[in-house]
2 protein chains.
Amino acid sequence: MAFIVTDPLASIRVILCRPSHPGNIGATARAMKAMGLSDLRLVTPQRYPAPEAQSMATSAADVLGAARVHATLAAALEDCCAAYALSARPRDWSPPVLNAREAASAALARAAQGPVALVFGNETSGLTNDEIFACQTLVHIPTGPGLASLNLAQAVQIVAYELRLASSATPARTTEENALATVADLEGLHAHVERVALESGFLDPAAPRKLRERFRRLFSRLQLEREEVNLVRGLLRALEGRRRNPPGK
Amino acid sequence: MAFIVTDPLASIRVILCRPSHPGNIGATARAMKAMGLSDLRLVTPQRYPAPEAQSMATSAADVLGAARVHATLAAALEDCCAAYALSARPRDWSPPVLNAREAASAALARAAQGPVALVFGNETSGLTNDEIFACQTLVHIPTGPGLASLNLAQAVQIVAYELRLASSATPARTTEENALATVADLEGLHAHVERVALESGFLDPAAPRKLRERFRRLFSRLQLEREEVNLVRGLLRALEGRRRNPPGK
């Protein structure tokens, strides 16, 4: 069977088993949508539909509205080619364990073959053993020491975030690509700083205190942009100009 | 200067600027505690203390109880050696941008020198430009396409999770380095540059050409040492002095 996958995130399914609080269902929809996921399934939710779910979903009303309710986990998993069970605590006996980052990468790879499920348990009791063994992999989200626990929707958020990162070949980031200063630009800056330091008396040639080297080190530590060199030199020029022609002269 | 660092996560501070919903304050405390963070600051929260904050904090009542409230972001940042501003949308003009994973790693590295702040804005309006430029780095959490937005506490959760992972990747270490400039040192430098730029006529308040922001961005990229701040301010002072008392007068 051949699949043509345009966006592997479209094959990721989030399944909430027996959620108690409808607010968490809405917050889950929002967490999913923020990361580009859309397939939400609910297995015997305690109370749903509910106004709290709507109000927590905010802009993810479409994801929430499309959520399907199932009577059993097996039904929610039926057409999936892989299922990952989230668990807050280690189990004595479980499927193989991956952390959230490893699992996201593995799940995305599987998503080329068909729907892949991430399965989350009840807020208080988590997943039952049967639910866990309906999945092929157990997923652990690293947390701090002690009994600190993640809220259900926050656990979904972290997994959805890892899936999003795993799905982008190059992590999305906005960097400004401004033209970098050339060596000649930098030498012009160094010479300018040195000249005003001398003329202002800040640099005493008889006791130079490594000032030249310290300024060079400062401005060499990062790749200055040409525009930044011009900015600093513009300020120095203004300070010089006013010194040569003090106000009132 | 020698530092002995036991747990760099203890140096991470989460600052919420002008949060509207007390529930998000509680959810933030819980998100932090789950990942081993504990230093929470609130800048002019709209309503706090509030029962919704308590109820959302659940097991993180200790983190919430220890949260300090400040009248200004500057006060919350005062003793920090670095500050990272979270922003959902790219800005035309901003400090250097990192994604959440890169920022977590960078922030942890800085945490060996002192408190490091992660600064989050209001739920609806985000951070103001002034708040962003009080920080040295802008942080972007990669999200899905469209207008989907992260809830405030979910954004905190992702950053806290990345910090936790980065802290297990970075062994606690003793560093021997020059003392880095604190936020207060940098603010002193920014104010000094702005003053001489104005006095020299380089900065025309009627046509500011984003000069303030450009200087802030430049000096934020450099990760200045305290001694370097003194070096630059020393030169500016010498240039000012000579301007006020030109040679031959």
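Residues numbered from 1 in each chain as written. Chains lettered and ligands numbered in written order. Predicted model: local features only at pLDDT ≥ 70, side-chain atom pairs only at ≥ 80, totals over all residues.

## Focus on the packing of helix α8 (residues 183–199) of chain A against helix α9 (residues 211–220) of chain A
Residues and elements named next belong to chain A.
- Taken N-terminus to C-terminus, the directions of α8 and α9 make an angle of 140°; their axes are 10 Å apart at the nearest point. When you trace α8 past α9, the crossing you get is right-handed. Listed contacts from α9 to L186, L189, H190, V193, E194 and A197 of α8 are L211, R212, F215, R216 and F219.
- Looking at the contact of α8 with α9, its residues break down into 7 nonpolar, 1 polar and 3 charged. (Axes fitted to C-alpha atoms, helices over the stretch in contact; angles between N-to-C directions. Helix = DSSP H or I, 4+ residues; strand = E, 2+ residues; numbered from the N terminus. Left-handed = near helix turned anticlockwise from the far one by under 90°. Contact = placed C-beta atoms within 7 Å. Nonpolar A, V, L, I, M, F, W, Y, C, P; charged D, E, K, R; others polar.)

## Describing the nonpolar core
- Membership of the largest hydrophobic core comes to 163 residues, with the highest contact counts inside it found for V119 of chain A together with V119 of chain B.
- Sequence-distant contacts of V119 of chain A, that is, excluding residues within four places in its chain, are made with I15, C17, L73, A83, Y84, A85, L86, L127, E131 and C135 of chain A. (Core = buried A, V, L, I, M, F, W, Y, C linked by C-beta atoms within 7 Å. Buried ≥ 20, exposed ≤ 12 C-beta atoms within 10 Å, placed from the backbone.)

## Overview of the interface of chain B and chain A
- Each partner contributes residues to the interface: chain B has 48 residues there, and chain A has 49 residues.
- Going through the elements one at a time, α1 (22–34), β5 (97–99), α7 (152–169), α8 (183–199), α9 (211–221) and α10 (226–244) of chain B are the ones with two or more residues in the side of chain B that touches chain A.
- For the side of chain B that touches chain A, the leading source of residues is α10 of chain B, giving 8 residues.
- Its residues assigned to classes, the side of chain B that touches chain A shows 26 nonpolar, 14 polar and 8 charged.

## A few points about the pairing of strand β1 (residues 12–17) of chain B
Residues and elements named next belong to chain B.
- The buried count for β1 comes to 6 of 6 residues, which makes it a mostly enclosed element.
- Burial of β1 is two-sided: the residues I12, V14 and L16 facing one way and the residues R13, I15 and C17 facing the other way are all buried.
- Where β1 and strand β6 (residues 116–120) come together, 5 bridges link them in parallel fashion. Counterpart to L16 in the pairing with β6 is F120.
- Summarising the sheet, β1 and strand β2 (residues 39–43) pair through 5 bridges and their orientation is parallel. Bridge pairing links V14 to L40 in β2.
- This β-α-β element, β1 to α1 to β2, shows right-handed connectivity. (Pairing = 2+ DSSP bridges. Right-handed = clockwise from strand over helix to strand, strands pointing away.)

## Some remarks on the packing of helix α1 (residues 22–34) of chain A against helix α7 (residues 152–167) of chain A
All names here are of chain A.
- The contact between α1 and α7 brings their axes to 9 Å, and the two run at 15°. Taken together, the axes of α1 and α7 are roughly parallel relative to one another. The chirality of how α1 crosses α7 is right-handed. Contacts from N24, A27, T28, A31 and M32 in α1 reach L152, A153, V156, Q157 and A160 in α7. (Parallel < 35°, antiparallel > 145°, perpendicular 65-115°, else oblique.)

## A few points about the sheet that holds strand β2 (residues 39–43) of chain A
All names here are of chain A.
- Strands sit in the order β3-β2-β1-β6-β4-β7-β5 across an open sheet of 7 strands; the sheet is parallel. Edge strands, defined here as strands with exactly one partner in the open sheet, are β3 (68–70) and β5 (97–99). Ignoring strand direction, the axes of neighbouring strands in this sheet form an average angle of 30°.
- Relative to β3, β2 runs parallel, the two being bridged by 3 bridges. Counterpart to R41 in the pairing with β3 is R68.

## What about the domain arrangement of chain A?
- According to the domain assignment, chain A consists of domain 1 (9–167) and domain 2 (183–244).
- Computed from C-alpha atoms alone, the centre-to-centre distance between domain 1 of chain A and domain 2 of chain A is 57 Å. (Domains from an automatic or database assignment.)

## Re the sheet that holds strand β3 (residues 68–70) of chain B
Residue and element names in this part refer to chain B.
- Strand order in this open sheet of 7 strands is β3-β2-β1-β6-β4-β7-β5, and the pairing throughout is parallel. Every other strand in the sheet has two partners, leaving β3 and β5 as the edge strands with one partner each. Strand-to-strand, the axes of this sheet are offset by a mean angle of 30°, without reference to chain direction.
- Strand contacts of α7: β1, β4 (82–86) and β6, with the helix running at about 155° to β6, the strand carrying the most contacts.

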